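Examination of the molecular architecture
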Amino acid sequence: MSLDAETVRRIAALARIRVKEEEVARLQGELNHILAWIEQLAEVDTDGVEPLPGAMRMKLKMREDVVTEGDLHEAILANAPDRADNALGSFFAVPKVVE
Amino acid sequence: MTAPTDLTIAEARAALAAKRISARELAEAHLAAIERLKDLNAYITVTAERALADAAAADARIARGEARPLEGIPLAIKDLFCTEGIRTTAASRILGTFVPPYESTVSARLWAAGAVCLGKTNLDEFAMGSSNTTSAFGNVVNPWRRRGENRDLVPGGSSGGSAAAVAARLCLGATATDTGGSIRQPAAFTGTVGIKPTYGRCSRWGIVAFASSLDQAGPIARTVRDAAILLREMSGHDPKDSTSADVPVPDFEAAVGLGVKGLRIGVPKEYRLDGMAPEIEALWRQGIAWLKDAGATIHDISLPHTRYALPTYYIVAPAEASSNLARYDGVRYGLRVDEGGDLDDLYEATRGAGFGAEVRRRILIGTYVLSAGYYDAYYLKAQRVRALIQRDFDEAFRSVDAILTPATPSSAFAIGEKQDDPVTMYLNDVFTVPANLAGLPGISVPAGLDAAGLPLGLQVLGRAFDEETVFRVAAAIEAAAAFDALPQVRAA
């Protein structure tokens, strides 16, 4: 499978990464080179093999379903690039989403 | 007397207990060395005031007879561990000004054990790289030089700053992380000891996530014993990381020096690569001979899917990274680039400007292999091959107690070398990646020098949660190798 320029643009859009038009050709070459190398997995016979999502060798523990922390508004907002403080409270500020 | 910066952790611990040195003297000697060798660029942030305050507190504790296991030991923290109130960058522009309001579990454990914080070490951006040349804060320089040459070499990556700092004596030990070899490869390149423990041994909470099913923290130090001392304090169950294992933490230090008599050591034929440097091959054979001399038995084993480990990794790791790094959106923390337009424009501009070339490549690969229509062919296929790789190890560990391999296919290379295409760089991790996919512990221990005078490492792999055997074998190699070469650039 080989990526065309349009697919590179589409992946970049899915990943929300702006890619300049003059970078598309180089990225296309790099990504295709990596994917061609990855293709060799196709030759491995994996019929009947269950996918292994992680290396964890024990069951995940469940914890009590209780509140463990809270009231951390200032700590959470401490690194905000932009914030809005008004009568309703303190918020992360972003460009207008809904007209 | 040995210079304070030349002490091992075990020696410093004894010297502090005997009051032959103070924590303050240790901290000051290291801070002076860091300042003098700042051209190595091993640290992104030096926390001098914090170090002196920690040292004063440690001296007070020692005076009261209340010393904890790492009381007064000056350590460096890879800048991937969140440190409360201390900038944590992951070596990325996108986190360049981030100051965490919380502390990672691993670093918190070290401070609770009395360690002194010297600062935060450089790394490949988001721990993605094998050369420490993808950092937004500049390359780290390996303190080693080729004989008769003055070219700057890479320290390996991604924990290149931690490895360089330990090798150049800019700390007594450092934390690091290993997703595909990021502890063991830089350790091999700098003549230091680095262990990636079993997946689940150290909590991942508060470590900037790269590939969550592979990421694992571990120490880099100058001796096997020091690595064992640090790992014990870094390990342990943490309810805040659901993949953290609730198993007892053994006294790893006690395993060092138990010897290898009667241990069965496996030598996997698939690790003998075509065109492998003869020096690497010779070192491996030497390692086998050392262990045999020390009383271990040697067994040929087969790990048939070894050659598929790297391509598997380069599906699994980018897939997880593309998901983990979705959080850097310019809204809640980190860089924001707002060039007008709507929220999607803000995301795209921020991420386009904030991520470096390698991180961007991996996010795009990850996005592609997870996208509709390709998920089965790439991601699920890789997870099935991952199962086969783990099965290979399970099979092998029925007949052996540990596995011996080279740590890296070469010694340190020059900055700029091997950078023509990404796949060449990825091959650095050919011997280290399988342990991450299978979740097994692996250590790199310096075992010799190549013809140019650069360090080479051997790798020991063990069963899940059997770091003790890994330490035993590594200590036997360390004792036999009597590796005492020093990097050209170092403190004292």
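You'll find the structure just up there.
Before going into details, it helps to say that this report is about the structure given with it.

Criteria and cut-off values
- Residues numbered from 1 in each chain as written.
- Chains lettered and ligands numbered in written order.
- Predicted model: local features only at pLDDT ≥ 70, side-chain atom pairs only at ≥ 80, totals over all residues.
- Heavy atoms only, no water.
- Pairing = 2+ DSSP bridges.
- Helix = DSSP H or I, 4+ residues; strand = E, 2+ residues; numbered from the N terminus.
- Axes fitted to C-alpha atoms, helices over the stretch in contact; angles between N-to-C directions.
- Core = buried A, V, L, I, M, F, W, Y, C linked by side-chain atoms within 4.5 Å.
- Buried < 20%, exposed > 50% of the residue type's maximum accessible area, 1.4 Å probe, protein only.
- Contact = heavy atoms within 4.5 Å.
- Buried area = accessible area lost by both parts, 1.4 Å probe.
- Salt bridge = Lys/Arg side-chain N within 4 Å of Asp/Glu carboxyl O.
- Polar contact = N/O pair within 3.5 Å; in protein donor to acceptor, adjacent residues only side chain to side chain.
- Nonpolar A, V, L, I, M, F, W, Y, C, P; charged D, E, K, R; others polar.

1. Observations concerning the sheet that holds strand E3 (residues 116-121) of chain B
Residue and element names in this part refer to chain B. Spatial ordering of the open sheet is given by E1-E3-E2-E4-E6-E5-E10-E11-E9-E7-E8, a layout of 11 strands whose pairing is mixed. Each of the sheet's edge strands pairs with one partner strand only, and the pair in question is strand E1 (43-46) and strand E8 (297-301). With strand direction ignored, the average angle separating the axes of adjacent strands in the sheet is 30 degrees. As judged from the five bridges shared by strand E2 (residues 74-78) and E3, these two strands associate in the parallel manner. Bridge pairing in E3 links lysine 78 to threonine 121.

2. Observations regarding the nonpolar core
All names here are of chain B. Counting 173 residues, the largest nonpolar core has Leu70, Phe126, Leu170, Phe393, Phe471 and Ile477 as its most contacted members. Apart from residues no more than four positions distant in its own chain, phenylalanine 393 is found in contact with Tyr271, Leu303, Ile403, Pro434, Ala438, Leu440 and Leu461. Ranked by size, the runner-up nonpolar core spans 10 residues in total, among them Trp144, Phe189, Ala412 and Met425.

3. Examining the environment of aspartate 293 of chain B
Looking at where aspartate 293 of chain B falls in the secondary structure, it is placed in helix H9 (residues 278-293). Along the primary structure aspartate 293 of chain B and leucine 7 of chain B are separated by 286 residues, whereas in three dimensions their C-alpha atoms are 29 Å apart.

4. Quick word on the pairing of strand E4 (residues 173-178) of chain B
All names here are of chain B. Burial analysis of E4 places six of its six residues in the buried class, the great majority of the element. Neither face of E4 is left uncovered, since the one carrying Gly173, Thr175 and Thr177 and the one carrying Ala174, Ala176 and Asp178 both have all their residues buried. Two elements, E4 and strand E6 (residues 216-221), share six bridges in a ladder whose sense is antiparallel. Each bridged residue has a counterpart across the sheet, and for alanine 176 the counterpart in E6 is glycine 218.

5. What about the environment of isoleucine 403 of chain B?
Residues and elements named next belong to chain B. Mapping isoleucine 403 onto the fold places it in strand E9 (residues 402-406). Owing to a relative accessible area of 0%, isoleucine 403 belongs among the buried residues under this scheme. Among residues more than four places away in sequence, those in contact with isoleucine 403 are Gly266, Pro268, Ile301, Leu303, Phe393, Ala396, Phe397, Gln459, Val460 and Leu461.

6. Quick look at the interface of chain B and chain A
At the junction of the two partners, chain B supplies 76 residues and chain A supplies 53 residues. In this assembly, chain B packs against chain A so that about 5,600 Å² is buried in total across both faces, 67% of it on carbon and sulfur atoms. Between chain B and chain A we count eight salt bridges in total. Close ionic contact of arginine 360 of chain B with glutamate 23 of chain A constitutes a salt bridge, the shortest N to O distance being 3.2 Å. There are 19 residue pairs in polar contact (both at pLDDT 80 or more) connecting chain B and chain A. Contributions of two or more residues to the side of chain B that touches chain A are made by helix H10 (309-324), helix H11 (343-354), helix H12 (357-370), helix H13 (375-396), helix H14 (422-426) and helix H15 (433-438) of chain B. No other element matches H13 of chain B, which puts 14 residues into the side of chain B that touches chain A. Taken together, the residues that form the side of chain B that touches chain A break down as 39 nonpolar, 17 polar and 20 charged.

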